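Listed here are the chains, written in short residue letters.
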There are 4 protein chains.
Amino acid sequence: MNFEPDFVADLKRLFEERVLFNQVLGLKIDRIEPELVTAHIDMRRELVGHFGYNRLHGGVISASLDSMGGLAVMAAIGARHMDEAPEQRLHRFGRLGTIDLRIDYLRAAIGERFVLSAEVLRLGSRVASTRMMFRGMHEELFATGAAAYIVS
Amino acid sequence: MNFEPDFVADLKRLFEERVLFNQVLGLKIDRIEPELVTAHIDMRRELVGHFGYNRLHGGVISASLDSMGGLAVMAAIGARHMDEAPEQRLHRFGRLGTIDLRIDYLRAAIGERFVLSAEVLRLGSRVASTRMMFRGMHEELFATGAAAYIVS
Amino acid sequence: MNFEPDFVADLKRLFEERVLFNQVLGLKIDRIEPELVTAHIDMRRELVGHFGYNRLHGGVISASLDSMGGLAVMAAIGARHMDEAPEQRLHRFGRLGTIDLRIDYLRAAIGERFVLSAEVLRLGSRVASTRMMFRGMHEELFATGAAAYIVS
Amino acid sequence: MNFEPDFVADLKRLFEERVLFNQVLGLKIDRIEPELVTAHIDMRRELVGHFGYNRLHGGVISASLDSMGGLAVMAAIGARHMDEAPEQRLHRFGRLGTIDLRIDYLRAAIGERFVLSAEVLRLGSRVASTRMMFRGMHEELFATGAAAYIVS
């Protein structure tokens, strides 16, 4: 199953531009599939957490993984409602809410680009559970996340 | 026990200015005590999570509560090492790392100013555990957090 | 607002006896109020986690705090539906499910009796969030918990 | 790299028998490798969480996944210290402590046997992070876990 190019383009725009804080994070979507979404963030000076080093702020990781989990849920919901017009499916995005989030920080995140992915472990009628990864350019795993979302 | 005004001023500067992403968040410290730290964030357009509404992005909450937990640990460590010169105590900040973080989102965060607090539940020789709160101007609780930090 | 003695007695029996694993844990309710539930566990040999020491197994803590969070939600739901007959309110217990759980272990739990408490931070129409504490006889805090539950 | 049969047998005995609460859970180890540990639990009446149904108590899941994460760390530590005598490596088990634990409950766990696995995502000199899975006989995923442990 594949999403319509228009749906993907609109979801990308909504996520990257209209969720304003995602712009601050510099979150760019690479792939939107029903089972997996991926994105990247390029390192910038404002994202530094530790003066003196060039380490990414842990908050960039938690914020972007929360966004990615939400995007994965959105893709899974989109796939479940292919009978609806793309626009109608996009409206469902506004009704998503994060219930809670856990981030495990494994290693200091240093690099020029970071690669993010998220998948839905379970999509229920009311709650969705996701798992997220935050990696470097060479596949090194910097952090993992888990989150629950309310869907409706 | 009270910290020296210089220590407080330097810790404030380090936290608000040199941790660059805290500037993006607009995190401003209000109180640094051995048992409790508080801060606030003023709402700005870039922090919006949901176009169409004026809701704060969940990532602002997770990122700022992670920072606040770290600040609380720093204050607790500072209190434990009052025999050291203030500058030496500040150096300990660089060695702090978040192990993991949990955020519970209770209500959509809407308002002009948000009030954050954090306290240390346990400071061990290697690991510290903290609890954090994210509130509105009228004490309404928007989110709670818990995190573990490595100290050395 | 107070619950009817019958409702309290029935909820206590259901929780302590019919949830069979709570019997294994030895979980005994002390208080059921709309805002707060408390209980205790007496130390027994089977609950030991570390041979050689007399430490409580961390799993006893996570399992009992999960149960306590659920009980707190049940009390909060009970208070919201005082117009229903007690029996009808009890039926709602069967529809509760834990979405996720976080436990922070602060200190090794050693003692003859442990005191548990839980409160609901938010009761929505679909999701409830709770906070739990696991203490010793002298108020020492051994562990804290946070959990989300689905309600319906 | 493989562990000595004696080391495996002793670690199995220590874990299954001397950690008394693991006996209550009925936790049986199937595999101990440096990168992966697996075990199973057979359903028993005492482990029921919901009267009327035959659902496993969520606390059995959280308790057993906490134990499994610890076992995975123990295996990883064992692999790192192959220069030590097996007995000496086993002593390191006593110094392990869970810092915190998160469990995501995905589906009601119903079945005759449950299959558990755990792997270490990162083993540092002071902190280890693990990921755990709780499955049914047909690979269905009932719950996932993440935990941090202090090692020394």
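Residues numbered from 1 in each chain as written. Chains lettered and ligands numbered in written order. Predicted model: local features only at pLDDT ≥ 70, side-chain atom pairs only at ≥ 80, totals over all residues. Heavy atoms only, no water.

1. Quick look at the interface of chain A and chain B
Opposite the 35 residues of chain A that make contact, chain B presents 35 residues. Surface buried jointly by chain A and chain B totals about 2800 Å² across both partners, of which 60% is contributed by carbon and sulfur atoms. Here chain A and chain B share two salt bridges between them. Between B:Arg102 and A:Asp100 there is a salt bridge whose closest N-O contact spans 3.0 Å. There are 19 residue pairs in polar contact (both at pLDDT 80 or more) connecting chain A and chain B. Where the side of chain A that touches chain B is concerned, the elements lending two or more residues are helix H1 (5–18), helix H2 (20–25), strand S3 (48–50), helix H3 (58–80) and strand S5 (97–105) of chain A. (Contact = heavy atoms within 4.5 Å. Buried area = accessible area lost by both parts, 1.4 Å probe. Salt bridge = Lys/Arg side-chain N within 4 Å of Asp/Glu carboxyl O. Polar contact = N/O pair within 3.5 Å; in protein donor to acceptor, adjacent residues only side chain to side chain. Helix = DSSP H or I, 4+ residues; strand = E, 2+ residues; numbered from the N terminus.)

2. Observations concerning the environment of D:His138
Residues and elements named next belong to chain D. With respect to the helices, strands and loops of the structure, His138 is situated in the loop between strand S7 (127–135) and strand S8 (141–150). For His138, a relative accessible area of 68% corresponds to the exposed category. Remark: the alpha-carbon pair of His138 and Phe114, spanning 24 residues in sequence, is separated by 9.4 Å. (Buried < 20%, exposed > 50% of the residue type's maximum accessible area, 1.4 Å probe, protein only.)

3. Regarding the relation of the copies chain C and chain D
Mapping chain C onto chain D calls for a rotation angle of 180° and an axial translation of 0.0 Å; the resulting RMSD is 0.0 Å. With respect to symmetry, the two chain copies, as superposed, fit the operation of a two-fold axis. Ranked by how close their C-alpha atoms come to the rotation axis, the residues of chain C are headed by C:Arg102, at 2.2 Å. A symmetric contact is evident, with 100% of the interface residues of chain C recurring at the interface of chain D. (Least-squares fit on C-alpha atoms with pLDDT ≥ 70 in both.)

4. Re the sheet that holds strand S8 (residues 141–150) of chain C
Spatially, S1(C)-S2(C)-S6(C)-S7(C)-S8(C)-S5(C)-S5(D)-S8(D)-S7(D)-S6(D)-S2(D)-S1(D) is the arrangement adopted by the twelve strands of the open sheet, whose pairing is antiparallel. Two strands close off the open sheet at either side, each with one partner strand: strand S1 (27–32) of chain C together with strand S1 (28–32) of chain D. Across the sheet, the mean angle from the axis of one strand to that of its neighbour is 20°, orientation sign disregarded. Judged from the nine bridges that link them, S7(D) and S8(D) form a sheet pairing that is antiparallel. Its bridge partner lying in S8(D), D:Met132 is registered against D:Gly145. Against the sheet, helix H3 (residues 58–80) of chain C makes contact with S1, strand S2 (37–42), strand S5 (97–105), strand S6 (113–123), strand S7 (127–135) and S8 of chain C together with strand S5 (97–105) of chain D, and its axis sits at roughly 45° relative to S6(C), the strand it touches most. (Pairing = 2+ DSSP bridges. Axes fitted to C-alpha atoms, helices over the stretch in contact; angles between N-to-C directions.)

5. Looking at the pattern of salt bridges
This model, assessed by the stated rule, comprises 46 salt bridges over all chains. A salt bridge links B:Glu33 to B:Arg31; the nearest nitrogen and oxygen atoms lie 2.9 Å apart. Owing to a relative accessible area of 31%, B:Glu33 belongs among the partly exposed residues under this scheme. Accessibility expressed as a relative area gives 37% for B:Arg31, which makes it partly exposed. With a closest N to O distance of 2.7 Å, B:Asp42 and B:Arg113 form a salt bridge. Of the two residues, B:Asp42 is situated in strand S2 (residues 37–42) and B:Arg113 in strand S6 (residues 113–123); the sequence distance between them amounts to 71 residues. Taking the relative accessible area as the measure of exposure, B:Asp42 reaches 33% and is therefore partly exposed. Take B:Arg113: its relative accessible area is 31%, and that puts it in the partly exposed class. Members of the salt-bridge network, linked through shared partners, are A:Asp100, B:Arg102, B:Asp104, C:Asp100, D:Arg102 and D:Asp104.

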